[in-house]
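# Fold and geometry: a report
Now for the letters of each chain:
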Amino acid sequence: MKYLYYLYQLCIALPLGLLITIGCCLLVIIGCSLGYGHFWGYWPARIWARIVLWLLLIPVKVEGRPHLEQGQSYVFVANHQGAFDIFLVYGYLNRNFKWMMKYQLRQIPVVGYTCAKAHHIFVDKRGPKKIKASYDAARETLKDGISLTVFPEGARTFTGHMGVFKRGAFALADELQLPVVPLTINGSFDIMPRMRDMHFANWHPLTLTIHQPIYPVGQGPENIEAIKNQAYDAVMSAIEPKYQGFVENPDQ
């Protein structure tokens, strides 16, 4: 059955997925160039993500969606199990948001340009001015009722276990006094571990758990640290038992 699934990917899912990805990129680029960037920067990608998972026959379960309020901006923080985190969050969070991502991703052909046109936020830590520019871009985006999604580990896991959370996303939430919503992703590491990038995907269900928002209590270093710890514990609480516990990630 495994090899039949691989053959299906090679002959059907991969060719169709590539065509849909190219079409999505073109739609985002053209749409955002004409205006309405918040619409064109989100909806085509949301549909694209759902189609990709549908093509791969991967079932998805979402828990905790009623925790979110309409019209409220959030800073979403999730564990980073693998490449399929993108499809799961994009397709099934059901919130218009921007990604906060490493500036190096801007260099990926077509995809990097598409993300820039969609006004996703590239974090450049090469000096105080560039860091400030990243924060200013996030501030302008979030004031329009749009949310932000961040992988605070900063890198995908090698083991399925979580590493440490960096403070950047929580400092931004503290500055803007926005609630932080922890997200737990399960299944992505089993579909395609980081060590098997560009290999066949394994069939495995995906689960997205949306936790209760964590609202700021005060402002400053103590609030940042408290929310970071609360978010970490919330994400960890819903991870599958086999991936429970901290494991150091050498790429962090």
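Residues numbered from 1 in each chain as written. Predicted model: local features only at pLDDT ≥ 70, side-chain atom pairs only at ≥ 80, totals over all residues. Heavy atoms only, no water.

### Focus: the nonpolar core
Counting 41 residues, the largest nonpolar core has I58, F84, Y90, L93, L183 and L208 as its most contacted members. If sequence neighbours within four positions are ignored, F84 has contacts with L53, L56, I58, S188, I191, M192 and A201. With 28 residues, the next largest nonpolar core counts F165, A169, A171 and Y243 among its residues. (Core = buried A, V, L, I, M, F, W, Y, C linked by side-chain atoms within 4.5 Å. Buried < 20%, exposed > 50% of the residue type's maximum accessible area, 1.4 Å probe, protein only. Contact = heavy atoms within 4.5 Å.)

### Quick notes on the sheet that holds strand 6 (residues 180-186)
Across the sheet, which stays open at both edges, the 7 strands sit in the order 1-7-6-2-5-3-4 with mixed pairing between neighbours. The sheet terminates laterally at strand 1 (60-63) and strand 4 (121-123), the two strands that pair on one side only. With strand direction ignored, the average angle separating the axes of adjacent strands in the sheet is 25°. Here strand 3 (residues 97-102) runs beside strand 4; their pairing, made up of 3 bridges, is parallel. The residue bridging M100 from the neighbouring strand is I121, located in strand 4. Seen against the sheet, helix 7 (residues 168-176) touches strand 2 (75-78), strand 3, strand 5 (147-150) and strand 6 and runs at an angle of roughly 160° to strand 2. Of the strands in this sheet, strand 2 and strand 6 are in contact with helix 9 (residues 221-237), which crosses strand 6 at around 30°. (Pairing = 2+ DSSP bridges. Helix = DSSP H or I, 4+ residues; strand = E, 2+ residues; numbered from the N terminus. Axes fitted to C-alpha atoms, helices over the stretch in contact; angles between N-to-C directions.)

### Here's the deal with the packing of aromatic side chains
Overall, the coordinates contain 16 aromatic pairs when judged by the stated rule. Pairing F39 with W40 gives two aromatic rings, centres 5.0 Å apart and planes at 85°, and the pair type is edge-to-face. Overall, the relative accessible area of 42% leaves F39 in the partly exposed class. Each member of the aromatic cluster is reached from another via a ring pair, and the members are Y42, W43, W48, F84, F87, Y90, F97, W99 and F151. (Phe/Tyr/Trp six-rings, centres within 6.5 Å; stacked < 30°, edge-to-face > 60°.)

### Looking at the packing of helix 1 (residues 2-34) against helix 3 (residues 43-55)
Between helix 1 and helix 3, the shortest axis-to-axis distance is 10 Å and the interhelical angle comes to 180°. It follows that helix 1 is roughly antiparallel to helix 3 by the angle criterion. Side by side, helix 1 and helix 3 meet where Y8, A13, L16, G17, I20, T21, C24, L27 and V28 of the first sit next to P44, A45, W48, I51 and L55 of the second. Here the residues of the contact of helix 1 with helix 3 sort into 12 nonpolar, 2 polar and no charged. (Parallel < 35°, antiparallel > 145°, perpendicular 65-115°, else oblique. Nonpolar A, V, L, I, M, F, W, Y, C, P; charged D, E, K, R; others polar.)

### Some points on the pattern of salt bridges
Counting across every chain of the model gives 3 salt bridges. With its nearest N and O atoms 3.1 Å apart, the salt bridge here joins K61 to E63. The exposure class assigned to E63 is partly exposed, which follows from its relative accessible area of 33%. Residue K242 pairs with D190 through a salt bridge whose shortest N-O separation is 3.1 Å. One end of the pair, K242, is in the segment after helix 9; the other, D190, is in helix 8 (residues 188-191), and 52 residues separate them in sequence. (Salt bridge = Lys/Arg side-chain N within 4 Å of Asp/Glu carboxyl O.)

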